[in-house]
Amino acid sequence: MAELKIYNSLTKQKEVFTPITPGYVGMYVCGPTVYSDVHLGNCRTFISFDIIYRYFKYLGYKVRYVRNITDAGHLEGDRDEGDDKFSKKARLEQLEPMEIVQKYTLGFHKVMELFNNLPPTIEPTATGHISEQIEMVKHILQNGYAYEVDGTVYFDVEKYDKEKPYGILTNRKLEELLEGTRTLSGQDEKKGRLDFALWVKAKPEHLMQWPSPWGMGFPGWHIECSAMSGKYLGTKFDIHGGGMDLAATHHTNEIAQSEACYNVNPANYWIHTNMLTVNGARMSKTAGNGFLPGELFTGSHPLLEKAYAPMTVRFFMLQTHYRSTLDFSNEALQAAEKGLKRLWEAYQNLEQLQQQAQELSDTASDTETDRRCRAFIEGFDTSMNDDFNTAKVLANMFELVPIINSFKGGQIPLNYINRATFDLLQKQFSTYLTDIFGLKEEKVADSGRLDSVLQLLIQIRKEARARKDFATSDKIRNELQREGILLKDEKDGSVSWNII
Ligand code: AMP
Ligand code: ZN
């Protein structure tokens, strides 16, 4: 097996992947905070890890992939200030916090399915692991790296940093980190400015609280991932991942917690995915530039020129390496739509050539075409083994497309390649598109006929509107929507349709 190299954010270099147990991979990825819908930025991170998961499986590893659901303890500020996100939303929507959790967990699963992400092998929730978190906090207290103030337990960052570098993940010294934080006021219970809560005392009106040795309270956000990864993957496992925005606080604190509790950095490889941006600014829930996947699939967001299918969006993301930023634009998505179509056409052409390929010679073919084909195909694994470079694989696929199409069109005789090269081409083209990249053909079958019927309905609706018969025009639109077809009135007066 060729060497797989992974860029490790901990050491800031590419390293050959060596699993703790040969043949097995333990991977923990920080999952969504389910107090609202996931936006497309979150999806980019989960799609990136889906590809990594799929690639490990392709390489023959048995993967335990743990991705948590944060359903408690996430306060609005990263540093224990502000409200609990779940309680706030529950009050706002007049629901039980667990109804909020259920609603957005189901929504998250639906979106993951639409993007064809495989489910993780374990999806633990923070609320389901309160006792494990309490045990860990007790342990950290016993080891002397935490202190309790009136029912809240804080991690003592300065004490920890005297023994181990707290800012190890982002290469920052404690002094630099301290500079970036506000000074403590007389009201603060914390000893140090960087100290963070492991357990938070709940006010009586707080909606989600549990008994603990320190009274009624709830866990801090960071401890949940340490407790759950430890439970399912052991105190030392192979890979820990999440978006880059998590490195400076959440993952830094996770490392400190595990070191303080078990004297180990929990993961051998830390993988951080880069951000999806809109006009250069990070897409986020708070910035208000976060499209919801549903808005994208229906085109119902002011920044969208049209609707885009889930596979177009997935493909758009794979065209950029996971460690580079990716800026959202309509032009890029429209180019992705065309690019993906070309790949599927080539894929179908290969299928249709199969019959003809049966007659190809078994002996080695010494043509330039054969050599080029082999080099491009072998490049697939080489690129993925270089820190999962999906962008380079796709570039190779696009080099193969005109060759495949020329075989089909007869411009290049198929017997320029031998049987083994054809088989490899077909196998790898298909394996990469479907198994590793997780792309599936969207139902375009019969779309020509469907389009003719829809154009007729669009015309009838237009005529109805012209004579102010809104009952008929609304009926057409609503009934189609019930069938999963969305009509969209474009700015230029035309009407487009999309399957949702
Ligand atoms: P959250 O639900 O906010 O905790 O985020 C879930 C995951 O999405 C985390 O791994 C984040 O790092 C990641 N994430 C958040 N915003 C973006 C973005 N704009 N681009 C890529 N990943 C993001
Ligand atoms: Zn986490």
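Residues numbered from 1 in each chain as written. Chains lettered and ligands numbered in written order. Predicted model: local features only at pLDDT ≥ 70, side-chain atom pairs only at ≥ 80, totals over all residues. Heavy atoms only, no water.

## A few points about the site of ligand 1
Taken together, the neighbourhood of ligand 1 is formed by 19 residues, with Gly41, Thr45, Asp245, Leu276 and Met283 sitting nearest. Between ligand 1 and Thr45, the relevant distance is 2.7 Å, taken from a nitrogen atom to a side-chain nitrogen or oxygen of the residue. Gly243 is positioned with one of its backbone polar atoms (N or O) 3.0 Å from an oxygen atom of ligand 1. When ligand 1 is considered free in solution it has 490 Å² of accessible area, and contact with the protein chains removes 94% of it. Secondary-structure elements contributing two or more residues to the shell around ligand 1 are helix H1 (40–58) and strand E9 (237–243). Among the elements that make up the shell around ligand 1, the one with the highest residue count is H1 (four residues). (Near = heavy atom within 4 Å. Polar contact = N/O pair within 3.5 Å; in protein donor to acceptor, adjacent residues only side chain to side chain. Areas by Shrake-Rupley, 256 points an atom, 1.4 Å probe, with all protein chains shown as cover. Helix = DSSP H or I, 4+ residues; strand = E, 2+ residues; numbered from the N terminus.)

## Structural notes on the coordination of the zinc ion (ligand 2)
Within the protein, the atoms that donate to the zinc ion (ligand 2) are Cys30 (SG), Cys225 (SG) and His250 (NE2), at distances of 2.0 to 2.1 Å. All donor residues of the zinc ion (ligand 2) come from one chain, and their arrangement in sequence is C-x194-C-x24-H. With Cys225 in helix H7 (residues 221–233) and His250 in helix H8 (residues 247–262), the pair connects residues that are 25 residues apart, well separated along the chain. Classification of His250 as buried rests on a relative accessible area of 1%. (Donors = N, O, S within 2.8 Å, 3.2 Å for Na, K, Ca; no water. Buried < 20%, exposed > 50% of the residue type's maximum accessible area, 1.4 Å probe, protein only.)

## Some words on the packing of aromatic side chains
Summed over all chains, the structure comprises 23 aromatic pairs. Ring pairs connect the aromatic residues Phe17, Tyr55, Phe56, Tyr58, Tyr61, Tyr269, Tyr322, Phe380, Phe388, Tyr432 and Phe437, which therefore count as one cluster. One cation-aromatic arrangement involves Arg67 over Phe46; the distance from NZ or CZ to the ring centre is 5.4 Å. Seen from the ring of Tyr7, Arg323 lies directly overhead, with NZ or CZ sitting 3.9 Å from the centre. (Phe/Tyr/Trp six-rings, centres within 6.5 Å; stacked < 30°, edge-to-face > 60°. Lys NZ or Arg CZ within 6 Å of the ring centre and 35° of its normal.)

## Notes on the side chain of Glu15
Residue position: Glu15 is located in strand E2 (residues 13–16). Among buried charged residues, Glu15 stands out as having no salt bridge; its nearest opposite-charge side chain is Lys12, 9.8 Å away. Separated by 3.1 Å, the side chains of Glu15 and Asn8 make a polar contact. Not counting residues within four places of it along the chain, the set of residues in contact with Glu15 comprises Leu4, Lys5, Ile6, Asn8 and Tyr269. (Lys, Arg positive; Asp, Glu negative; His and termini not counted. Salt bridge = Lys/Arg side-chain N within 4 Å of Asp/Glu carboxyl O. Contact = heavy atoms within 4.5 Å.)

## Digging into the sheet that holds strand E6 (residues 152–155)
Here we have four strands laid out as an open sheet, ordered E5-E6-E7-E8, and antiparallel in their pairing. The open sheet has two edge strands with one neighbour each: strand E5 (146–149) and strand E8 (217–219). Ignoring which end each strand starts from, the neighbouring axes of this sheet average 20° apart. Judged from the three bridges that link them, E6 and strand E7 (residues 196–201) form a sheet pairing that is antiparallel. Across the sheet, the residue bridging to Tyr154 is Ala197, located in E7. (Pairing = 2+ DSSP bridges. Axes fitted to C-alpha atoms, helices over the stretch in contact; angles between N-to-C directions.)

## Notes on the environment of Pro204
Within the secondary structure, Pro204 sits in the loop between E7 and E8. Pro204 sits twelve residues away from Met216 along the chain, and the two C-alpha atoms are 8.7 Å apart.

## Observations concerning the packing of helix H11 (residues 330–357) against helix H14 (residues 419–436)
The geometry of H11 relative to H14 is characterised by a closest axis approach of 10 Å and an angle of 145° between their N-to-C directions. For the element pair H11 and H14, the recorded crossing hand is left-handed. On the side of H11, the interface is formed by Leu343, Trp344, Ala346, Tyr347, Leu350, Glu351, Leu353, Gln354 and Ala357, while H14 contributes Arg419, Phe422, Leu425, Gln426, Phe429, Ser430, Leu433 and Thr434. Broken down by class, the residue content of the contact of H11 with H14 amounts to eleven nonpolar, four polar and two charged. (Left-handed = near helix turned anticlockwise from the far one by under 90°. Nonpolar A, V, L, I, M, F, W, Y, C, P; charged D, E, K, R; others polar.)

## What about the pairing of strand E1 (residues 5–8)?
Note: E1 against E2, four bridges, orientation antiparallel. Within E2, the position partnered with Ile6 by the bridge is Glu15. Linkage of E1 to E2, two consecutive antiparallel strands, is achieved through a turn of four residues, within which Lys12 is found at a positive phi near 60°.

## Let's talk about the pattern of salt bridges
Within this structure, the stated rule accounts for 26 salt bridges. A salt bridge links Glu93 to Lys103, with the nearest nitrogen and oxygen atoms 3.3 Å apart. In this pair, Glu93 is assigned in helix H2 (residues 85–93) and Lys103 in helix H3 (residues 97–114), connecting sequence segments ten residues apart. Looking at Glu93, the relative accessible area reads 27%, which means it is partly exposed.

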